[in-house]
Amino acid sequence: MALTDTPALTPPDVEEVRSDARAALDAVTDAARGLDAAGLDAPSALPGWSRSHVLAHVTAIGEAMARQAERAADGELVEVYDGGAAGREDGIRAGALRSGAQHVAALDALADRLDAAWPAAGSAGWAAPVTYRDGTVTDALVAWWREVRIHAVDLDAGVGLDTWPPALGLHLLDFLGVRLADDVVVELAGEPGELVVGPGGLRVGPGGLRGGPDGLRMAAEPGPGAVSGAASAPGRSAVVVHGSLTDVAAWLAGRAPTTEPTARLAGEPVRLPEIGLWPSPYSPQQDAPAPAR
């Protein structure tokens with residue numbers, strides 16, 4: 001199912017996502033400018049990947065999503081990566097050999113390409129189909145936003161979890177709920193209401209929870225950026241996970257939270273639930289190689 005087909009979570013405003021994705025790419029590029037050869041070769045926050053691998057992947061996934069949008073504008077469908085998962089892996093390995101200056105040049109060129117590739121605001125082109133997850137150009141943009149925001153932190157070069165906007169946290173809970181075997185109740189520290197996160201995505205009670213520049217708030221009426229249409233919450237046997245939105249999202253994304261969320265079952269402390277595999281866009285026979293996201 002495409003991201004925009006998910007009824008429980010209204011996708012964030014396309015222009016806000018486009019703007020924030022560009023800000024994240026700029027942050028990655030600025031960080032790359034500050035890395036010398038030793039810094040590029042140093043380990044990133046992803047096991048087995050150097051910072052140079054992360055930069056190569058950011059460039060590759062950005063180019064792949066730009067190509068999805070470019071071809072969609074011509075009414076064409078194209079593979080996300082030439083050669084599928086194997087081609088993706090080969091490209092990252094080759095890209096990791098770039099020098100600092102080459103990485104910066106590639107990222108600068110990517111910024112220009114993406115700016116030109118995305119449809120105009122309000123254009124019907126956002127609904128054009130793409131190969132990526134059998135979705136639309138909007139889905140390709142959201143995927144790029146997710147990837148660049150997560151990997152900006154993975155680079156481990158000065159960009160932290162505090163750069164994740166609330167809308168991204170809500171999106172990650174929705175997108176990554178499939179990593180959980182069962183629904184869990186999420187209590188967000190300092191925020192009203194409860195969320196239910198699980199294989200079916202993200203759900204909340206009537207009225208919704210709205211993410212915006214001022215953080216999260218209960219919405220009297222569902223609106224842009226509001227989570228709504230929740231099913232009934234799980235029973236008392238559900239695990240309750242408590243933490244900030246960003247920390248819970250980071251935990252579910254397999255990243256190190258600033259403060260690890262806690263979990264309770266029937267009021268008693270328990271371990272956080274096990275997390276399954278990242279939802280790969282490839283078939284089971286073509287799983288993307290770890291630690292790719």
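Everything numeric here is computed off the predicted structure, so don't read it as measured data.

Student: Which residues make up the side chain of Asp20, and what values go with them?
Tutor: Of note, Asp20 is situated in helix H1 (residues 14-33). Among the residues examined, Asp20 registers a relative accessible area of 17% and is labelled buried. Asp20 has contacts with Trp145, Arg149 and Pro165, leaving out every residue within four places of it along the chain.

Student: Before we move on, can you summarise the packing of helix H3 (residues 51-73) against helix H6 (residues 137-154) with the specific residues and values?
Tutor: It is the contact of H3 with H6, at a shortest axis distance of 10 Å, that shows an interaxial angle of 170°. In terms of axis orientation, H3 runs roughly antiparallel to H6. Across from Val54, His57, Val58, Ile61, Gly62, Met65, Gln68, Ala69 and Ala72 in H3, the residues of H6 making contact are Val137, Ala140, Ala143, Trp144, Glu147, Val148, His151 and Asp154.

Student: Any chance you could break down the confidence of the model for the protein chain for me, citing the residues and the numbers?
Tutor: Taken over all residues, the pLDDT of the protein chain has a mean of 85, while the share at 70 or more is 81%. For the stretch residues 206-233, pLDDT sits under 50, and the model shows 60 contacts to residues farther than four places along the chain or on other chains.

Student: Talk me through the packing of aromatic side chains; I want residue IDs and the actual numbers.
Tutor: The final tally for this structure, using the stated rule, is two aromatic pairs. Here Trp118 and Trp126 contribute two aromatic rings whose centre-to-centre distance is 6.0 Å and whose plane-to-plane angle is 20°, an arrangement assigned as stacked. Of the two residues examined, Trp118 and Trp126, each falls in the buried class. Relative to Trp278, the ring of Phe175 has its centre 6.4 Å away and its plane inclined at 65°; by these criteria the two rings are edge-to-face. Taken together, the residues Phe175 in helix H7 (residues 166-175) and Trp278 in the segment after strand S9 (268-270) connect sequence positions 103 residues apart. Both residues of the pair, Phe175 and Trp278, belong to the buried class. Lying over the aromatic face of Phe175, Arg146 brings its terminal NZ or CZ to 3.7 Å of the ring centre.

Rules used throughout
Think of each chain on its own: its residues are numbered from 1, step by step along the sequence as written. Selection of residues for local features in this predicted model requires a pLDDT of at least 70, selection of side-chain atom pairs for listing and counting requires 80 or more, and totals for whole chains, interfaces and linings are taken over all residues. As a rule here, side-chain values come from all non-hydrogen atoms in the structure, and water together with hydrogens is ignored. Numbering goes from the N terminus for both helices and strands, where a helix is a DSSP run of H or I of at least four residues and a strand is a run of E of at least two. We call a residue buried when its accessible area falls under 20% of the maximum for its residue type, exposed when it is over 50%, and partly exposed in between, using a 1.4 Å probe and counting protein chains only. We call two residues contacting when some pair of their heavy atoms lies within 4.5 Å. The angle between two axes is taken between their N-to-C directions and runs from 0 to 180 degrees, where each axis is a line fitted to C-alpha atoms and a helix contributes only its stretch in contact. Geometric relationships in this document are graded by angle, where less than 35 degrees denotes roughly parallel, more than 145 denotes roughly antiparallel, 65 to 115 denotes roughly perpendicular, and other angles denote oblique. The pLDDT value expresses, per residue, how confident the predictor is, ranging between 0 and 100. The criterion for an aromatic pair is that two Phe, Tyr or Trp rings (for Trp, the six-membered ring) have centres within 6.5 Å, with stacked assigned to planes under 30 degrees apart, edge-to-face to planes over 60 apart and tilted to the rest. In our convention, an over-ring charge means Lys NZ or Arg CZ found within 6 Å of a ring centre and within 35 degrees of that ring's normal.

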